[in-house]
Amino acid sequence: QVQLVESGGGLVQAGGSLRVSCVASGRTFSDYSMGWFRQAPGKEREFVAAISGSGLSETYANSVKGRFTISRDNAKNTVYLQMNSLKAEDTAVYYCAASQRYSYSVNRNDYEYWGQGTQVTVSS
């Protein structure tokens, strides 16, 4: 079992930056690839970014490519999402997720464990 706890969400103006974090506990963190997903009101949960267990491979949704950066610190059991040049359409609850079976998948069904989410609101 893996427990995930996100933090760092908040209110930011359009064009600003924010970093959200996710701390994992329960198993060997580097055994899991990690993903960030987001869900806006009335919309389905969508993929944002993912990173392999080693941290050497990453992938991003087209909508955030060039603005967001995913990273991880396996010594701290933490994955980060640095969000720059934020837009109003980035407003959502951001969830981190862990997968032992798949390597940095974009498919939410490939992730076994989920955090409770952290709200990010971008004002225009």
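Residues numbered from 1 in each chain as written. Predicted model: local features only at pLDDT ≥ 70, side-chain atom pairs only at ≥ 80, totals over all residues. Heavy atoms only, no water.

**Q** I keep staring at the overall build of the protein chain and nothing clicks. Help me out?
**A** Looking only at helices and strands, the protein chain features 0 helices and 11 strands. Put simply, the protein chain runs from its N terminus to its C terminus through helices and strands in the order β-β-β-β-β-β-β-β-β-β-β. Taken against the 2.2 N^0.38 rule, which gives 14 Å for 124 residues, the C-alpha radius of gyration of the protein chain at 13 Å falls within 12% of a compact globule. Of all 124 residues assigned to the protein chain, the portion counted as buried reaches 44%. Across the protein chain, contacts joining residues at least 24 apart in sequence account for 58% of those joining residues at least 6 apart. Accessible area for the protein chain stands at about 6,100 Å²; split by element, carbon and sulfur atoms hold 44% of it. (Helix = DSSP H or I, 4+ residues; strand = E, 2+ residues; numbered from the N terminus. Rg over C-alpha atoms; globule rule 2.2 N^0.38 Å. Buried < 20%, exposed > 50% of the residue type's maximum accessible area, 1.4 Å probe, protein only. Contact = heavy atoms within 4.5 Å. Areas by Shrake-Rupley, 256 points an atom, 1.4 Å probe, with all protein chains shown as cover.)

**Q** It is not clear to me how the sheet that holds strand β8 (residues 78-83) should be interpreted in this structure. Could you clarify?
**A** Hydrogen bonding along the main chain pairs the strands of a sheet, whether they run parallel or antiparallel. Spatial strand order, β1-β3-β8-β7: 4 strands in an open sheet with antiparallel pairing. The two strands at the open ends of the sheet, each matched to only one other strand, are β1 (3-7) and β7 (68-73). Within the sheet, the average angular offset between the axes of one strand and its neighbour, ignoring direction, is 15°. Relative to strand β3 (residues 18-25), β1 runs antiparallel, the two sharing 5 bridges. Across the sheet, Val5 pairs through a bridge with Val23, a residue of β3. (Pairing = 2+ DSSP bridges. Axes fitted to C-alpha atoms, helices over the stretch in contact; angles between N-to-C directions.)

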